[in-house]
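The residues making up each chain are set out below.
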Amino acid sequence: MFGLLFSLLPMILIGYYFFTMKKGNDISWEIRRGMICPSCKENLPVNDGEFPYDPKKENIVTCISCKRDEAIDSVVGGRKHLLSKIRIYFISDKFKTVQKILLGVSCAFVLVDITCICFGIKGMSVFSNGFNTLYWVIMLIRRRYTSIKKTPQD
Ligand SMILES: [Zn+2]
């Protein structure tokens, strides 16, 4: 029973991922161009007459109030600034490379799994399922960081 549930887990996560895609708006581009704060997801103020962002360059900016929160939090030994760094890493372009590698490894695992099944070797699905689950959990975390709830007029 547990084995069946475990093998279905990646499927459930994929389903949930696409469900969240329908529910929310992706704002990762806006965050990466410094238009929206990655922490509170509020629009960042735009300087008058100045083009606020370069569409080709990544520039993740945390708003003043979130920066202040993180600074205060780090004084009292909190982990907000660390979480903020992790969040920014997940949103950044750098992470896209990691994501591609993870997807490649994930596909490799599935291929090895299929080959093993063809040759009658059992037990390899645990690895491919485990890795697939991990991949989709990471994707869901990123999704959480880069989306906002759709407003009724969307
Ligand atoms: Zn903020």
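Quick notes on the rules
- Residues numbered from 1 in each chain as written.
- Predicted model: local features only at pLDDT ≥ 70, side-chain atom pairs only at ≥ 80, totals over all residues.
- Helix = DSSP H or I, 4+ residues; strand = E, 2+ residues; numbered from the N terminus.
- Contact = placed C-beta atoms within 7 Å.
- Core = buried A, V, L, I, M, F, W, Y, C linked by C-beta atoms within 7 Å.
- Buried ≥ 20, exposed ≤ 12 C-beta atoms within 10 Å, placed from the backbone.
- Expected span 1.5 Å × (residues − 1).
- Axes fitted to C-alpha atoms, helices over the stretch in contact; angles between N-to-C directions.
- Parallel < 35°, antiparallel > 145°, perpendicular 65-115°, else oblique.
- Nonpolar A, V, L, I, M, F, W, Y, C, P; charged D, E, K, R; others polar.

### Re the environment of Val 61
- Counting through the fold element by element, Val 61 comes out in the loop between helix H2 (28-32) and helix H3 (64-75).
- C-alpha separation for the pair Val 61 and Ile 31, spaced 30 residues apart in sequence, amounts to 7.6 Å.
- Among all residues touching Val 61, those that are not within four sequence positions of it are Gly 34, Cys 37 and Leu 44.

### Comments concerning the nonpolar core
- Residues Ile 31, Ile 36, Cys 37, Phe 90 and Ile 91 constitute the largest nonpolar core, which totals 5 residues.
- In this structure Ile 36 touches Ile 27, Glu 30, Ile 31, Lys 41, Glu 42, Asn 43 and Leu 44, once residues within four positions along its chain are discounted.

### Observations regarding H3
- Taking 1.5 Å per residue, 12 residues should reach 16 Å; H3 reaches 17 Å between its end C-alpha atoms and fits that length.
- Here H3 lies mainly on the outside; 1 of its 12 residues are buried.
- At the C-terminal side of H3, Gly 77 shows a positive phi close to 85 degrees.

### As for the packing of helix H4 (residues 80-91) against helix H6 (residues 125-145)
- Orientation of H4 relative to H6, taken along the N-to-C sense of each, is 100 degrees, at an axis distance of 9 Å. Relative to H6, the element H4 lies roughly perpendicular. Note on element contacts: H6 touches H4 through Ile 141, Arg 142 and Tyr 145, opposite Arg 87, Phe 90 and Ile 91.
- Here the residues of the contact of H4 with H6 sort into 4 nonpolar, no polar and 2 charged.

### What to know about the environment of Met 21
- Looking at the element boundaries, Met 21 is found in helix H1 (residues 2-23).
- The spatial distance from the C-alpha of Met 21 to the C-alpha of Arg 143 is 8.2 Å, given a sequence separation of 122 residues.

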